[in-house]
Amino acid sequence: MEKTYLMVKPDGVQRGLIGEIVSRFENKGYQLVGAKLMQVSKETAEKHYAEHAERPFFGELVDFITSAPVFAMVWQGEGVIATARQMMGKTNPKEALPGTIRGDFGVTVGKNIIHGSDSPESAEREIAIFFTEEEIAAYSKLI
Ligand code: CMP
């Protein structure tokens, strides 16, 4: 089953949006198979955002994501990687449509509430950074 890595960023956690965000993905029909409230270390943040290492905002990005706890999640379901990105909206909340998470709750690109893997390769890489195999649950096929 396709899986993706989603993370409520420190701004989303501090604003009490974990429940709202989890509800959206549950209501859509996806399954939550991994979740934890955690403090991201500088090392983990740099690994997670390695593709942005040369960007001028890299330092700011690492500082922000390590500033307070995030809510790290793994979700599964058909097409979850691309559909979760649609549900999140564009990276810059100013361009994100109403009805999307960033469109409804975000204002600035640095504090855009949520992160989601952008491809199957990223999903596999990011899930492995934040979760061990033992931390990923399997849903019963009987229910
Ligand atoms: P995310 O999907 O977590 O992936 C990289 C992040 O970099 C992105 O969300 C934004 O929060 C952040 N980002 C992108 N552009 C900028 C920018 N110009 N200034 C600060 N942060 C940015």
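Residues numbered from 1 in each chain as written. Predicted model: local features only at pLDDT ≥ 70, side-chain atom pairs only at ≥ 80, totals over all residues. Heavy atoms only, no water.

## Quick word on the UniProt feature "modified residue: Phosphothreonine" (unreviewed entry) in the chain
Link 1 in the chain: Those residues carrying the UniProt feature "modified residue: Phosphothreonine" (unreviewed entry) are Thr91 in this numbering.
Link 2 in the chain: Mapped onto the elements of the fold, Thr91 is located in the loop between α5 (80–88) and α6 (101–105).
Link 3 in the chain: Residue contacts for Thr91: discarding those within four places in its chain leaves Arg102, Val109 and Asn112. (UniProt positions renumbered as here; feature names shortened; annotations may be inferred. Helix = DSSP H or I, 4+ residues; strand = E, 2+ residues; numbered from the N terminus. Contact = heavy atoms within 4.5 Å.)

## Structural notes on the packing of aromatic side chains
Link 1 in the chain: Applying the stated criterion across every chain yields a total of three aromatic pairs.
Link 2 in the chain: Measuring from ring centre to ring centre gives 4.5 Å for Tyr5 and Phe130, while their planes differ by 10 degrees; the resulting arrangement is stacked. Taken together, the residues span a long stretch of sequence, with Tyr5 in strand β1 (residues 3–8) and Phe130 in helix α7 (residues 120–130) at a distance of 125 residues.
Link 3 in the chain: A residue is classified by how much of its surface remains accessible, and Tyr5, at 0% relative accessible area, is buried.
Link 4 in the chain: Residue classification places Phe130 among the buried residues on the basis of a relative accessible area of 5%.
Link 5 in the chain: Ring centres of Phe25 and Trp75 lie 5.6 Å apart, and the angle between their planes is 45 degrees; on these two criteria the pair is classed as tilted. (Phe/Tyr/Trp six-rings, centres within 6.5 Å; stacked < 30°, edge-to-face > 60°. Buried < 20%, exposed > 50% of the residue type's maximum accessible area, 1.4 Å probe, protein only.)

## Details of the side chain of Lys9
Link 1 in the chain: Note on placement: Lys9 falls in the loop between β1 and α1 (10–14).
Link 2 in the chain: Of the side chains with opposite charge, Asp11 comes closest to the buried, unpaired Lys9, at an N-O distance of 6.6 Å.
Link 3 in the chain: Side chain to side chain, Lys9 and Asn112 meet in a polar contact 2.7 Å long.
Link 4 in the chain: Excluding residues that lie within four positions of it along the chain, Lys9 makes contacts with Tyr49, Phe64, Ile65, Val70, Asn112, Ile113, Ile114 and His115. (Lys, Arg positive; Asp, Glu negative; His and termini not counted. Salt bridge = Lys/Arg side-chain N within 4 Å of Asp/Glu carboxyl O. Polar contact = N/O pair within 3.5 Å; in protein donor to acceptor, adjacent residues only side chain to side chain.)

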